[in-house]
Each structure stands twice: as C-alpha cells, then as structure tokens.
Amino acid sequence: MSGSQSSLREANRALIVETVKRHGGLTQVELAAATGLSAATVSTIVKELLGGGFVDIQVTTRSGRRAQLVTLARRVGLAVGIQVGHRHLRVVLGDFTHEVVADQTLPLPTDHRSDTTLDRAALLVIELLERVGSSIDEVVGIGIGVPAPVDEGTGMLSVRGLMRGWDEVHIAHVMAKRLARPVYVDNDANLGALAESAVGAAREYRDSVYVRASYGTGAGIVINGNVHRGFAGTAGEIGHVPVDPQGDICRCGSRGCLDTVVGARALVEPLRASHGNLTLRDVVQRANAGDPGCAQVIQDAGSSIGAVVSALAMAVNPQCIVVGGELAETGEVLLAPMRDAIRRRVLLNQIAPLEVVPAELGSAAEVMGALGLVLQSTDVDVTRDELVEDHDGPALASGAGG
Ligand SMILES: [Zn+2]
C-alpha cells in the first residue's frame, strides 16, 4: 500500500472512531451517513477495528428492527463524570459506549466548601470503582461540571462571586492531585449541551441551545456540533442578563439579573405568605401535584426565561432549544410559557420552526456531559495495530481541553 493510501486509511479509521466516540454507538449505515464514507469503506474499517480490539458490536433494536451497533470497546477505559451542584454532588462511572456503570448522588449543604466537596467527590470515585471491581488505573480521565463559567485554559472559575469560596481554587489541579488522572472542568450548562447534542434530544440537530433552569439559570450553545464557550467561558450565561432595572443586586454584582427573578430564592419568596417556607424541590413537586400557586411561579419563570432565551436564539439561530434542570421536571408547566415567549419573539423562518423540547437525559444531562467531555478529550490511538493497555506516568491536569 502506498504512503498516501495508508495515511488516508488512518484518517478514515480516526474519523470512524471519533464519530463512534461522540455518539456512543451507531449502526454501520448511520456511520456511513455521519462520516460521508461509503458503506464498503465503513465495513472494511469496522472489521479492522474489531480485529484490533478497538470496537465491539452490540446487538440492539432500532425502530423495531434488530440492529448491530458499533461501539468503542469497554477495555479502552472508564471515564468519571462529576457534577458539583448548588445542593448536591453526583458522580458517575461510564465507558466509551456512553453507558453508565455506576451512579451515586449525595446532598451538599448550601455554600459548601470546595476542599470538603472535592474530597468527598474523590472518595466517592474510589468507592464506585470498587463497587464495579475496577481501579483508578482503568480511568482515562475525570470530567467535573460546576454551576459557574470556567476558564478553559486553567480549569478555574472565570467569574468571581458566583460560587462562594471557589474563586481561587484550581479545581482541576486539586482533583488531579487526589486521583492522579487527567481532569477536565467545564460549566454545567455547557456539559448539558454537550450531552444532549451527542446522545440526547438534540442529537439530530447541528445547532442547538441547552437551557438549564435550576437554582440558577444558564445555557450552553452548540454550533455545528461543538460547544461554543466563548473567550472567557461566559457564553450563554443567561442567568446574568439584566431583566429588571429596579431588581435586587445579584451575586455577580449587577442589578436585576434573570437569576434574581427566576433563581431559587426568587421563586420561593412570593409563596412564603400563602404556602410557608418551601424549598425549590417542594415547589417543583407541588407544581407537579397540581398546586396552582406553585405552578404559577414556575409558569412565570418560564415566560421570563423564554424572553431572554429568545434573544440568544436570535443571535445563534439554533434548530432546537433543549430545556433541562430542576424546573424542567414540571414538564409543560415550565415549557409551554417558555416556548410561547420564545416563538413570539424569534424571527420566524420558512425552513423549520424552532423546536423547544425537554432534555432527553433529564437530570443526568450535566453529569453525562462531564463523562462526554472526558471521552471527547481522550485520544484513542488507532494508528497502532493492536490496542495496547498503557497508563504510563501520572497525567497532568488541564482545563476544559478538547
Ligand atoms: Zn448576575
């Protein structure tokens, strides 16, 4: 085989592996469509990759028919996804098929400290690995999602004041020191966007926006299949768009940010006189149970968030807006007024209506994105003929990478 033919073959192998890595598992027909390669080329390369132990074939059903999915081999390694929320910590272990093999959530106190939270996360990673009979050596990397913008270069928060006590913490270094694996840190809404676009509700779309309506509000922007983070990682920070000139001062220092209108505190406050002291979780549960007061608060939040999202949608022109976070657990209570507020404001086009849909991965979107970030950032070397297991040397910490 000539040099150019062999490098073309290698490029095609890499393209197939990247595509499988992104979506977790595809049929050979889907692989041909996604890569633009011919069915014969896909078939040849998949055979080679099977022979080298890089991929597996899993039998499943697609649209009622038996289908064979090409997935990356489990022995390529495990990835860890960690979501640090305002009130909880979630850790999952997954493999290169995007399949979760262990999953655990712990509650966190309000304004939890970075050192104890990262300690608990590291311990939980080791515990989950033991639970599935694996060790840290099998982990290719650790992805961490946090509810604040992250500097891609350093893996530190890029905006002060949003997570109390975390401003000076080099999150990636701290975790890499504890577990000696590469660590990637990103904003939770960006991770939700990554997961929903790779394996969730936006997987059929090229351009999408993920809205995370939770204790605070954020958005992740996907352009041409890639998350757009912006220069300082603050792209899509819709929670800090000013909406009320007479409003309260926000954690970020501005007056009347969207978060001061639809954040957890703003949602429970107007219910105090009629409903007593509720948590955000209570409000969501009661809205789902048909309580009109709690539903009203969520509906109003949907309209307010929708108005801001419509401006983002005008700037980005996505095909689809995916809505996740705790408030989205109320389904159409939140979604209907949000959809209405968005569609009333965006420029209607003749090509396709802007879809506004719930997150397919539900509350797991962010942690699945943390897992996906690791898979995306890890190179599987398919230029070698055989898959060789090597985990030499302690890995250096890095930022969001990619
Ligand atoms: Zn703000």
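Bear in mind that the values here come from a model prediction, so they are computed numbers and not experimental data.

Caption draft 1: Main features of the domain arrangement of the protein chain. Looking at the protein chain, the domain boundaries give domain 1 (7-74), domain 2 (77-191 + 365-377) and domain 3 (204-359). Counting residues at the interface gives 23 residues for domain 2, matched by 17 residues for domain 3. Of all residues in domain 2, Leu162, Ala189 and Asn190 give up the largest surface area on contact with domain 3, accounting jointly for 30% of the area buried on that side. The tally of links between domain 2 and domain 3 comes to five salt bridges. Here Arg229 makes a salt bridge to Glu152, at a shortest N to O gap of 3.9 Å. For the pair domain 2 and domain 3, the interface holds eight residue pairs in polar contact (both at pLDDT 80 or more). Where the side of domain 2 that touches domain 3 is concerned, the elements lending two or more residues are strand E7 (183-187), helix H6 (188-199) and helix H13 (365-377). Grouping the constituent residues of the side of domain 2 that touches domain 3 by class yields nine nonpolar, seven polar and seven charged.

Caption draft 2: Geometry of the confidence of the model for the protein chain. Of all residues in the protein chain, 94% attain a pLDDT of 70 or more, and the chain-wide mean is 90. Across the protein chain, the element-wise mean pLDDT spans from 82 in strand E1 (residues 55-62) up to 98 in strand E8 (residues 208-213). Counting contacts from residues 388-402, a segment whose pLDDT is below 50, to residues more than four positions away or on other chains yields 31 contacts.

Caption draft 3: Fine view of the UniProt feature "domain: HTH marR-type" (unreviewed entry) in the protein chain. Mapped onto the present numbering, the UniProt feature "domain: HTH marR-type" (unreviewed entry) falls at residues 14-66. Each end of residues 14-66 is marked by a C-alpha atom, and these two atoms are 27 Å apart; helix forms 60% of the span and strand 19%.

Caption draft 4: Up close: the coordination of the zinc ion. Those donors, His240 (ND1), Cys250 (SG), Cys252 (SG) and Cys257 (SG), are the protein atoms that reach the zinc ion, and they lie 2.0 to 2.3 Å from it. In this structure, the zinc ion is coordinated by four donor atoms arranged in tetrahedral fashion, with angles at the metal of 102 to 127 degrees. You can call His240 partly exposed: its relative accessible area is 21%. Classification of Cys257 by relative accessible area gives buried; the value is 0%.

Caption draft 5: Focus on the packing of H6 against H13. It is the contact of H6 with H13, at a shortest axis distance of 7 Å, that shows an interaxial angle of 75 degrees. Our classification of the angle between H6 and H13 gives roughly perpendicular. For the pair H6 and H13, the contacting residues are Asp188, Leu191, Gly192, Leu194, Ala195 and Glu196 in the first and Ala365, Glu366, Met368, Gly369, Ala370, Gly372, Leu373 and Gln376 in the second. Counted by class, the contact of H6 with H13 contains seven nonpolar, four polar and three charged residues.

Caption draft 6: Main features of the nonpolar core. In this structure, Ile16 and Leu31 are the most contacted members of the largest nonpolar core, which totals 44 residues. With eight residues, H13 is the single largest residue contributor to this core. Each residue touching Ile16, except ones within four places of it in the same chain, is listed here: Leu31, Leu37, Val42, Ile45 and Leu49. In this structure, Leu267, Leu280, Val309 and Ile321 belong to the second largest nonpolar core, which totals 41 residues.

Caption draft 7: Focus on the sheet that holds strand E11 (residues 320-324). An order of E10-E9-E8-E11-E12 is seen for the five strands of this open sheet, with the pairing classed as mixed. For this open sheet the edge positions go to strand E10 (226-228) and strand E12 (355-358), each flanked by a neighbour on one side alone. Mean inter-strand twist for the sheet, computed between neighbouring axes without regard to direction, equals 25 degrees. Judged from the six bridges that link them, E8 and strand E9 (residues 217-223) form a sheet pairing that is antiparallel. Bridged to Ser208 within E9 is Val222. Against the sheet, H6 engages E8, E9, E10 and E11, with an angle of about 45 degrees to E9.

About the thresholds
- Residues numbered from 1 in each chain as written.
- Predicted model: local features only at pLDDT ≥ 70, side-chain atom pairs only at ≥ 80, totals over all residues.
- Heavy atoms only, no water.
- Domains from an automatic or database assignment.
- Contact = heavy atoms within 4.5 Å.
- Buried area = accessible area lost by both parts, 1.4 Å probe.
- Salt bridge = Lys/Arg side-chain N within 4 Å of Asp/Glu carboxyl O.
- Polar contact = N/O pair within 3.5 Å; in protein donor to acceptor, adjacent residues only side chain to side chain.
- Helix = DSSP H or I, 4+ residues; strand = E, 2+ residues; numbered from the N terminus.
- Nonpolar A, V, L, I, M, F, W, Y, C, P; charged D, E, K, R; others polar.
- pLDDT = per-residue confidence, 0-100.
- UniProt positions renumbered as here; feature names shortened; annotations may be inferred.
- Donors = N, O, S within 2.8 Å, 3.2 Å for Na, K, Ca; no water.
- Tetrahedral: all angles 85-135°; square planar, octahedral: opposite > 155°, others 65-115°.
- Buried < 20%, exposed > 50% of the residue type's maximum accessible area, 1.4 Å probe, protein only.
- Axes fitted to C-alpha atoms, helices over the stretch in contact; angles between N-to-C directions.
- Parallel < 35°, antiparallel > 145°, perpendicular 65-115°, else oblique.
- Core = buried A, V, L, I, M, F, W, Y, C linked by side-chain atoms within 4.5 Å.
- Pairing = 2+ DSSP bridges.

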